[in-house]
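Close look at the chain arrangement
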Amino acid sequence: MKRKVLMIYTGGTIGMEKDYTSGSLKAFNFEHIFEKIPEIGLLDCEVSVHSFAKPLDSSDVGVEEWKEIGAVIEKNYSLYDGFLILHGTDTMSYTASALSYMLKGLTKPVILTGSQLPIGDLRTDAKENLLTSLYYASLYENSEALVQEVAIYFEYKLLRGNRTLKYSAEYFDAYRSPNYPILGESGVHLKINKEALFRNTGVNFGVDYHLCKDIVFWRIFPGMNFESLLHLPKTKVLILQVFGSGTIFNCDETEIILSSLRKNGTEIVVVSQCVSGGISIGKYENSNIFGKIGAISGKDLTAESAITKAMHLMDNPLYEGSFAENFSKNLRGELDENFGD
Ligand code: ASP
């Protein structure tokens, strides 16, 4: 019996070809993908395509598009064994992180991929990315999917989606998962790192469409006008991207401004400007302020994962307990709960 995979095409470079008259890239009709990559027919799985009405540059993908992808997966969940989302590379880590929180109790693979060069380009990376992603999206052992989470496959590596970041706009090897091991690797043999895979326990599959938009992300820098924080629009969660392992300017002004935000009910989450490692509140004197005002450590979360986790959790009626308690928990393998303790 061949496994069935639904390929959801949202846009991005992977679905483009060069218009040789104008010299620019344009989207091709994705229904013709089987003509462009006939090798899909040689794989040991049946592939169907669902295309977005209009292919999007991934900078146009946001909350509404995440919900649309969620709805397509929900509608087709029982009909397919795996899902492959073709997506622009620029915001793929945000979409992968958001979907990881939205899709509860996954027991089937949801793989995202894209490419740095369009499919019609001679040196394209699209073909390998797409074919191997289909392989991972249909990989089962004893009637159980091996990958039961949202992952990104790119340039020979399978990575946990909510641990990734786009690292390079130039190299084929565009993604990194600095704080978590790779889930699989494609070489002569296709490998899977079974110990690293995420497993849901006791939750039935469902899609949670709750996403709060009142989130602000701020990167601090030496010499900045910190007072401008007081003029933020309505903010339920402020994610502060601070230095190193969690440090910030050690002055009265910092405490006054952050305390006043907390008094107005804003949750403050602290993440690191370093791509590897994370937050250890209390390690340096210049991080103690966060303990004092009741800020939440983002531990080893990526910025993309912290933002989408905050969107998912803030005011979500499905969660019991406080925002801080839930944010600190490991929900989908996105953080190490003991990080920085
Ligand atoms: N700008 C494109 C996008 O993210 C880049 C790509 O697909 O690689 O949609």
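Within the secondary structure, glutamate 155 sits in the loop between strand 10 (150-154) and strand 11 (157-160). Once you skip the residues sitting within four places of it in the chain, glutamate 155 turns out to touch Asn129, Phe172 and Asp173.

Moving on, we come to the pairing of strand 18 (residues 237-242). Among the six residues that make up strand 18, six are buried, leaving the element largely enclosed by the rest of the structure. Bridge count between strand 17 (residues 215-219) and strand 18: five bridges; the pairing is parallel. Counterpart to isoleucine 215 in the pairing with strand 18 is valine 237. Pairing between strand 18 and strand 19 (residues 267-272): six bridges, direction parallel. Across the sheet, residue valine 242 finds its bridge partner in strand 19, namely serine 272.

The subject of this paragraph is the pairing of strand 19. For strand 19, the tally of buried residues reaches six of six residues, placing the bulk of the element in the interior. Both faces of strand 19 are covered, namely the face carrying Glu267, Val269 and Val271 and the face carrying Ile268, Val270 and Ser272. The β-α-β motif built from strand 18, the intervening helix 5 (residues 252-263) and the parallel element strand 19 has right-handed crossover chirality. Pairing geometry for strand 19 and strand 20 (residues 296-297), over two bridges, is parallel. In the sheet register, valine 269 faces strand 20, and the bridge partner there is isoleucine 296. Crossover handedness for the path strand 19 to helix 6 (residues 288-293) to strand 20: right-handed.

On to the environment of alanine 145. Here alanine 145 lies in strand 9 (residues 144-145). Note: C-alpha distance between alanine 145 and threonine 107 (38 residues apart in sequence) is 6.8 Å. Other than its neighbours up to four places away in sequence, alanine 145 contacts Thr107, Lys108, Pro109, Leu139, Tyr140 and Arg199.

Applying the stated rule across the entire model yields 15 salt bridges. Residue lysine 26 is joined to glutamate 17 by a salt bridge in which the shortest nitrogen-to-oxygen separation is 3.9 Å. The partly exposed category is assigned to lysine 26, whose relative accessible area is 38%. Residues participating in the shared-partner salt-bridge network are Glu17, Lys26 and Lys36.

Overall, parallel pairing links the four strands, which are arranged 17-18-19-20 in an open sheet. Edge strands, defined here as strands with exactly one partner in the open sheet, are strand 17 and strand 20. Those strands touched by helix 5 are strand 18 and strand 19, and its axis lies near 130° from that of strand 19. The strands touched by helix 7 (residues 303-313) within the sheet are strand 17, strand 18 and strand 19, with strand 18 carrying the most contacts at an inclination of about 170°.

Peptide bonds are, in most cases, trans, and in most cases residues other than glycine have a negative phi. For glutamate 155, which is not glycine, the phi dihedral falls at a positive 45°. Unusually for a residue other than glycine, lysine 299 sits at a positive phi of about 45°. Assignment of secondary structure puts lysine 299 in the loop between strand 20 and helix 7. You can call lysine 299 buried: its relative accessible area is 11%.

What counts and what doesn't
- Residues numbered from 1 in each chain as written.
- Predicted model: local features only at pLDDT ≥ 70, side-chain atom pairs only at ≥ 80, totals over all residues.
- Heavy atoms only, no water.
- Helix = DSSP H or I, 4+ residues; strand = E, 2+ residues; numbered from the N terminus.
- Contact = heavy atoms within 4.5 Å.
- Buried < 20%, exposed > 50% of the residue type's maximum accessible area, 1.4 Å probe, protein only.
- Pairing = 2+ DSSP bridges.
- Right-handed = clockwise from strand over helix to strand, strands pointing away.
- Salt bridge = Lys/Arg side-chain N within 4 Å of Asp/Glu carboxyl O.
- Axes fitted to C-alpha atoms, helices over the stretch in contact; angles between N-to-C directions.

Any functional reading would require information that these geometric values do not contain.
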